[in-house]
Every structure is written in structure tokens, then in C-alpha cells.
Amino acid sequence: MSSISVGVLGATGLVGQSFILLLSSHPFFRLTTLGASPASAGLAYSKAVENKWKQSTCIPSSVQAIKLHECKPEHFSSCQIVFSGLDADVAGDIESAFRAANIAVFSNAKNHRRDPSVPLLVPLVNPHHLSILPHQRSLHTPPLQKGFIVTNANCSTTALVVPLSALQSRFGPIDQVIVTTMQAISGAGYPGVSAIDILDNVVPYISGEEEKMEWETLKILGGIAEDGKSFDNHSAHPIKVSASCNRVPVHTGHIMTASVKFAKHPPPSIDEVLKAFDEYVPPYLPQSHPSFNASASDLSKIIPTAPPKAIHIHTTPNRPQPLLDRHLDKGASVSVGRVRECGVLDVKFVVLGNNVAIGAATSSVINAEIALARGYI
Ligand SMILES: NC(=O)C1=CN([C@@H]2O[C@H](COP(=O)(O)OP(=O)(O)OC[C@H]3O[C@@H](n4cnc5c(N)ncnc54)[C@H](OP(=O)(O)O)[C@@H]3O)[C@@H](O)[C@H]2O)C=CC1
Ligand SMILES: N[C@@H](CC(=O)OP(=O)(O)O)C(=O)O
């Protein structure tokens, strides 16, 4: 496969740094152009992040000398794709400008998630929502040939919807979900939450987070109209989601407890639920795709950033744990453990997702790989 030139917007932030690591060694995306705020523009990447590089590996040598630009499409004209780790205060307009310049945008920011023509894509769950992209392009005046915006979901929502998708696809509609998160401080960016606020403490509030989990779950797990022009947001069988979100003194890895009630009665047994998690295969490609039945090793050439299995099941009763399990499959899969009966709803379990990997940059990169395989780039 010939290489595709890509750029990163917000390259100096925590999510941007994850993009740098993923893309500097990518088999077919070639990282050429980096953008950040006007304060960083003109600096070499290594200079701009000298006090805020927070990764445990060094800045890749191929990236250190790249000069940062302001996030304006004219500086990225050689790029077919940009990945956005922009601050949400500025992401909305900047990402729209890149789309209008016929560049494909894969964003982590929340700004465009509720746009009815923008896929809210969790690569392990709803890649088929990409089929709205021709419609999104047609809404632009004049219609776009190449530009579009695809967003990731909120990092906690991303972890939750993977096991929910496994349950919904095996057992049919879900009626109710009660979820309580314990979210890592890296979710708040850098410098993020003050040490005085979070050391020796739990903060039982994250602005906007509960609303995002309750709403985004419906768009992601819902369907898309046959004409490919609208999402149904699960309106025929709305899932009632009640989320409580907490910030805890963990560096990386959002862990949450979830209880689920099925529409189906009697509900599936715990063994059936475990089997559904274990056998869950994300619908990366449509059945009509020539590689639909490809072996795992052939699929990994097309979607190289995807994890070998979407759900990692833990059977030891005190797992998953953020410290021990956040780097499984390079943070690209979701961990599930403690699957058991719930005395109030039907089944309950623990979920762990790496908020800066599958909760952010890794999702965007897999989304772009899938969009390329499905012919949208
Ligand atoms: N951290 C996480 O776990 C997750 C984060 N997200 C979302 O991803 C996005 C990035 O998050 P994160 O990396 O944590 O945030 P950071 O605050 O660490 O980084 C923000 C980035 O935006 C850039 N920026 C700020 N202002 C401007 C501007 N006016 N023009 C252009 N660039 C600008 C910054 O550049 P400079 O360094 O020059 O200021 C920096 O590169 C956010 O929208 C966040 O909500 C989503 C999921 C998970
Ligand atoms: N709010 C999340 C991170 C985040 O940026 O979420 P979103 O992409 O939905 O704005 C957290 O604090 O852990």
C-alpha cells in the first residue's frame, strides 16, 4: 500500500503526543505536518514540548525537528488526513475549516459529536456509521470530494459501549444501564487537575461527563437509516443510562462498574454473557468487502492498530486494575472482569479502558484505517 501523508492538530497536548507515537511508526500513514496554538507555531516539536512531554518513551527522532504550524489548512495542504487532539475551546471551527479544505478530519474533541451528519465512531463498535459520509459531504456548498469529519466518543463512553455492543448484538435490546466511573487524571489533559485537589482524594464530579455518557451511548449503539442520511439514536428502543462520574488519583486508565438490564426475559445466564464477550468481533468491514473473511494476520495489514481481540476477559476476581491492565494490547482493547449476577438489574461487571489509547488517539487512528479500507479516503 502506498503511504498517505497525515498531520496532527494539537500535536503538543497529551492526546497529540499519543498520536505522535502511534503515527511515527505507522506502516502506511506518513506523519509530515504538525500544528498547535499560535504560541507554539514556529518552534521545533522537541522545543515546544520540552516541559510537557509526558510519555515514557522519547520523542521519536523523526519528529523532533518538525516545525509546528498554526492550525490552518494552508499549512497542511500535503495531508489527506489530519488527526485532531485540539482543545475543545478551539476545535469546532478549526476542524470545520479543514473539512472545507477537503481534508479528512479524525477528531477527539467533543464539538462535532452531536452533529447529525457526523459519525460518533468507536472503532470496536460502529464502523458502519461511516456510511453517512457521502451525505455529510453533500451538505457542504459546493459538495466536498474528500473532506469530512469523524469524531471519537468520550473516553469513558468508549470503554462502556464495547461490552454493551457485545451484549446487544448477541441478546438484542438493552433496557437500562447504571454505570459508575473512576476516571484517571490524564483524562483532564496537562496540567489538568491540581495535585492539591486530587492527592488523597476522590472528586465526585466531572463537568459534562455524565451527560456525554448518557447521550453518546445511544448514538453509538443506535442504527443508521438505510438511505445513509440519518442516525436513529436508538429512538425505537431507548436505553436508559444513568452515569455517575468520579475523578480518582490514578494516572491513566478509566475503570467503571456497570449493571445492565436486558429487554429479553429471562435474561441470558452469566455463562452466556461471558461467551458473548469472548466471541465478540467488531464489525470493522462490511460483508461485501473482499477482506471480510480475511485471517487475523491479513486483517492486521489493513487495520494494523486494531487489537487482536476487542474484549479482554479477566477471571481473577480483583482484576482488571488500571495499574496492571491499562497497557494490554497497547491500550487498544477493553478489559472486562467480575462478570456476575446483579440483584437489582440483570448482570454487572467491571470495565477498564485506557483513556489516552482506545479512549482517544488509538480510536482515531483505527477509525482512519477503517475509513481507508472502506474506501472513504
Ligand atoms: N486526555 C484524554 O484522556 C482525552 C482527551 N480528549 C479530548 O482531546 C482533546 C485534547 O485533549 P488533551 O490532549 O488532553 O488536551 P491538552 O490540553 O493536553 O492539549 C491541547 C492541544 O490543543 C492546542 N491548542 C490550544 N489552543 C489552541 C489554539 N488556539 N489553536 C490551535 N491549537 C491550540 C494545544 O497547543 P499548545 O501546546 O500550543 O497550547 C495542545 O496541542 C480535547 O478536546 C479533549 O477533550 C478526548 C478523550 C480523552
Ligand atoms: N472528560 C474526560 C476526557 C475528555 O476530554 O472527554 P471528552 O473528549 O468527552 O471531552 C475526562 O476528564 O476523563
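All residue numbers refer to positions counted from 1 along the written sequence of the respective chain. Just so you know, chain letters begin at A and ligand numbers begin at 1, following the order they were written in. Reporting in this predicted model follows two pLDDT cut-offs: at least 70 for local features of residues, and 80 or more for side-chain atom pairs to be given and counted; totals over whole chains, interfaces and linings ignore these cut-offs and use all residues.

As recorded in an unreviewed UniProt entry, the protein goes by Aspartate-semialdehyde dehydrogenase and comes from Sistotremastrum suecicum HHB10207 ss-3. The UniProt entry for the protein carries the following comment under Sequence similarities (unreviewed entry): "Belongs to the aspartate-semialdehyde dehydrogenase family." Quoted straight from UniProt, the Catalytic activity (unreviewed entry) entry for the protein says "L-aspartate 4-semialdehyde + phosphate + NADP(+) = 4-phospho-L-aspartate + NADPH + H(+)". UniProt positions are given in the numbering used here, feature names are shortened, and annotations may be inferred rather than shown by experiment.

Q: Can you help me understand the site of ligand 2 in this one?
A: The immediate surroundings of ligand 2 are formed by A88, N108, K110, N154, C155, Q183, G187, A188, I206, E209, K212 and N355. Three or more residues apiece are contributed to the shell around ligand 2 by two domains, here domain 1 (4-154 + 361-373) and domain 2 (155-355). Being near a molecule or strand means, for a residue, that its C-beta atom, positioned from the backbone, comes within 6 Å of it. These domain boundaries are the output of an automatic or database domain assignment.

Q: Is there a simple way to think about the UniProt feature "active site" (unreviewed entry) in the protein in this case?
A: Taking the numbering used here, the UniProt-annotated feature "active site" (unreviewed entry) corresponds to C155 and H254. Taken together, the annotated residues stretch across 100 residues yet fold into one region, lying no more than 7.9 Å apart by C-alpha. Mapped onto the secondary structure, C155 falls in helix α6 (residues 155-171). Remark: C-beta atoms are placed from the backbone, and a residue is labelled buried if 20 or more other C-beta atoms sit within 10 Å of its own, exposed if 12 or fewer do, or partly exposed between those counts. The exposure class assigned to C155 is buried, which follows from the 26 C-beta atoms found within 10 Å. In this structure, C155 is in contact with G187, H254, G353, N355, G359 and A360, ignoring residues within four places of it in sequence. Secondary structure is summarised from DSSP: a helix means a run of H or I of at least four residues, a strand means a run of E of at least two, and numbering begins at the N terminus for each. For the purpose of contact definition, each residue receives a C-beta atom placed from its backbone, and two residues are in contact when these atoms lie within 7 Å.

Q: What is the right way to look at the UniProt feature "domain: Semialdehyde dehydrogenase NAD-binding" (unreviewed entry) in the protein in this model?
A: In the numbering used here, UniProt assigns the feature "domain: Semialdehyde dehydrogenase NAD-binding" (unreviewed entry) to residues 5-133. In the segment residues 5-133, helix accounts for 26% and strand for 19%; the C-alpha atoms at its two ends are 21 Å apart.

Q: Looking at this structure, I do not really get the sheet that holds strand β3 (residues 68-70). What am I missing?
A: Pairing between sheet strands relies on hydrogen bonds along the backbone, with the strands arranged either parallel or antiparallel. Pairing between strands is defined by DSSP: at least two bridges between the two strands are required. Read across the sheet, six strands follow the order β3-β2-β1-β4-β5-β6 without closing on themselves; strand pairing throughout is parallel. Strand pairing shows two members of the sheet lacking a second neighbour, β3 and β6 (148-151), which therefore form its edges. Sheet twist, expressed as the average angle between the axes of neighbouring strands with direction ignored, equals 30°. As paired strands, strand β1 (residues 4-9) and strand β2 (residues 29-36) are joined by six bridges and run parallel to one another. Pairing of V8 across the sheet is with L34, part of β2. Along the sheet face, helix α1 (residues 14-24) touches β1, β2 and β4 (81-84) and points at about 165° away from the line of β1. Its contacts with the sheet put helix α12 (residues 357-373) on β4, β5 (104-107) and β6, and the angle it makes with β5 is roughly 145°. Convention adopted: a line fitted to C-alpha atoms gives each axis, helices being fitted over their contacting stretch, and angles between N-to-C directions are expressed from 0 to 180 degrees.

Q: Where do I start with the sheet that holds strand β7 (residues 174-183) in this structure?
A: Strand order in the open sheet made by the six strands is β8-β7-β9-β12-β11-β10, with mixed pairing throughout. Bordering the open sheet on either side are β8 (240-247) and β10 (311-313), each of which pairs with just one other strand. Across this sheet, the average inter-strand angle for adjacent strands is 25°, counted without regard to direction. Relative to strand β11 (residues 334-341), β10 runs parallel, the two being bridged by three bridges. Pairing of I311 across the sheet is with V334, part of β11. Of the strands in this sheet, β7, β8, β9 (254-262), β10, β11 and β12 (347-353) touch α6, which is tilted by about 30° from β9.

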